[in-house]
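# Close look at the chain arrangement
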Amino acid sequence: MPQEQLNILCYKLREGLHKWRDIFTWQLFKTLLMGQGLSALICGTAVTSQYLASVYYLNTPMLQSFINYSLLGITYTVALIFRRGDGNILQILKKKWWKYLLLGLTDVEANYAVVKAYQYTTLTSIQLLDCFIIPVLMILSWFFLKTRYRIVHYVAVCICLAGVGAMVGADILAGQDQGSSSDILLGDGLVLVSATLYAISNVCQEYTVKNLSRVEFLGMIGLFGSIISAIQLGALEHNEVSNIQWTWEIGLILAGYALCMYGFYSFMPVVIKMSSATAVNLSLLTGDIFSLFFGLFLFQYTFSGLYIVSLVVILIGFIMFNTVPTLNRALAPASDEEGYDSHAAVFDNDSTQGCVDEITCVQAEQDQIKSQVNDRRSACVIINSVKM
């Protein structure tokens, strides 16, 4: 191979490697890793809940939610009590108590509705309809967070939903379409209501953690979530709780559920701040697949190769979604504690700087052309004067 062609090939390889490094950054890898960590925590909550229901016949979703919200209150709400200034819990309650009350009610009822849906419809319907949260999130983010998506984001979402379709197909082929079918219409409606409520909660969470504070969001959710779930627990599940035959196995499984859910609530705002609520929910689509893998050992599920295909397809869609940043046009000033979305700010600054650089280059080219024209005119004048 001639030396010139070899140099051209090396140059193209270096350029291609530089482009790949721009796409597959450490930030993308960290977001992917943390997103799958959240999926693993969701898998832990699903496995422990199913184990309680199938082995110990314990169906107490509000009790489990109450334990989670209480743990959030013990840590984050107490942290707000010892804060000073505008971040103190009294100042927050004076200004925004009704907002966090509605947010806590939305979050509690979203958790309750999806658990209740298992009594009326099948797992396949829940897995399919639960994806309704993705388009609702994108619509709410478009209007309230002023998030602007590109074509690649819509394509990535379609790829992730295709992965969910492969997972549901694997469930049907493996005969794992378990669940009740006593009132499918009611169950499907509960899933859609839950997805909508989750989307509202996640959009509020994204706005709060990017503009205010993660601790404020979790502290208020812990406070109002504990109150609302305690009232609902006393009204709906007091008989079930009083009839529990407490053993160390039940206590251990409940503790495992509570720790997984507490970890999920604690780390989800971190991942949302790094990316977005839509991206996080795309990564959570793999949670059902992880649960099915655990079910192979705990509940004797039948394995299907479509599960691997589904996992790979969802991860590809998630990576595509995060390779191109979204643009948030309406971000409020951040608090001193955690700041606002640095990703969006950097993206905005880079875009602005790129526009400035482009305008500067155009002006420089125009000045260079004018200079060349003036030089030619001067040369013509000199030549004409010599002829004369």
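Quantities reported herein were computed from a predicted structural model and do not represent experimental measurements.

When you go through the chain residue by residue, the secondary structure sums to 15 helices and two strands. Sequence-distant contacts in the chain: of pairs separated by 6 or more residues, those separated by 24 or more amount to 86%.

By convention here, two paired aromatic rings are described through the distance between centres and the angle between planes. In total, this model carries six aromatic pairs according to the counting rule given. Three or more aromatic residues link up through ring pairs in this structure, and these residues are Tyr69, Phe264 and Tyr265. Its guanidinium or amino end placed over the ring of Trp142, Arg148 lies 4.0 Å from that ring's centre, counting from NZ or CZ.

Viewed as axis vectors pointing N to C, helix α3 (residues 61-81) and helix α4 (residues 89-117) meet at an angle of 160°, and their least axial separation amounts to 12 Å. The angle between α3 and α4 falls in the class roughly antiparallel. Relative to α4, the crossing made by α3 is right-handed. Facing Pro61, Met62, Ser65, Tyr69, Thr77, Leu80 and Ile81 of α3, the residues of α4 in contact are Ile89, Ile92, Asp107, Val108, Asn111, Tyr112 and Val115. Looking at the contact of α3 with α4 residue by residue, the classes come out as 10 nonpolar, three polar and one charged.

A general feature of soluble globular proteins is that nonpolar side chains tend to end up buried together. Residues Tyr265 and Leu282 are the most contacted members of the largest nonpolar core, which totals 75 residues. It is helix α11 (residues 248-274) that contributes the most residues to this core, 10 residues altogether. When sequence neighbours within four positions are dropped, the list of residues in contact with Tyr265 reads Asn68, Tyr69, Leu72, Asp107, Asn111, Leu218 and Ile221.

Here we come to the confidence of the model for the chain. For the chain, per-residue confidence averages 77 on the pLDDT scale, and residues scoring 70 or more make up 72% of the total. Here helix α15 (residues 342-387) stands out as the element of the chain with the lowest mean pLDDT, 44, in contrast to helix α9 (residues 214-236), whose mean of 94 is the highest. In the model, residues 332-362 has pLDDT below 50 throughout and makes 39 contacts with residues more than four positions away in sequence or in other chains.

Spanning 27 residues, α11 covers 39 Å between terminal C-alpha atoms, matching the ideal 39 Å at 1.5 Å per step. Taking the largest bend as the criterion, α11 deviates by roughly 30°, centred on Phe267, and proline Pro269 comes between one and four positions later.

Mapped onto the fold, Ser39 is located in helix α2 (residues 26-55). Setting aside anything within four residues of it in sequence, one finds Ser39 in contact with Ser283, Leu284, Thr286, Gly287 and Phe290.

Considering the arrangement of structural elements, one finds Ile221 in helix α9. Setting aside residues up to four positions removed in sequence, Ile221 forms contacts with Tyr69, Leu72, Leu103, Gly104, Asp107, Ser226 and Tyr265.

Conventions we followed
Residues numbered from 1 in each chain as written. Predicted model: local features only at pLDDT ≥ 70, side-chain atom pairs only at ≥ 80, totals over all residues. Heavy atoms only, no water. Helix = DSSP H or I, 4+ residues; strand = E, 2+ residues; numbered from the N terminus. Contact = heavy atoms within 4.5 Å. Phe/Tyr/Trp six-rings, centres within 6.5 Å; stacked < 30°, edge-to-face > 60°. Lys NZ or Arg CZ within 6 Å of the ring centre and 35° of its normal. Axes fitted to C-alpha atoms, helices over the stretch in contact; angles between N-to-C directions. Parallel < 35°, antiparallel > 145°, perpendicular 65-115°, else oblique. Left-handed = near helix turned anticlockwise from the far one by under 90°. Nonpolar A, V, L, I, M, F, W, Y, C, P; charged D, E, K, R; others polar. Core = buried A, V, L, I, M, F, W, Y, C linked by side-chain atoms within 4.5 Å. Buried < 20%, exposed > 50% of the residue type's maximum accessible area, 1.4 Å probe, protein only. pLDDT = per-residue confidence, 0-100. Expected span 1.5 Å × (residues − 1). Bend = angle between axes of the 7 residues up to and from the residue.

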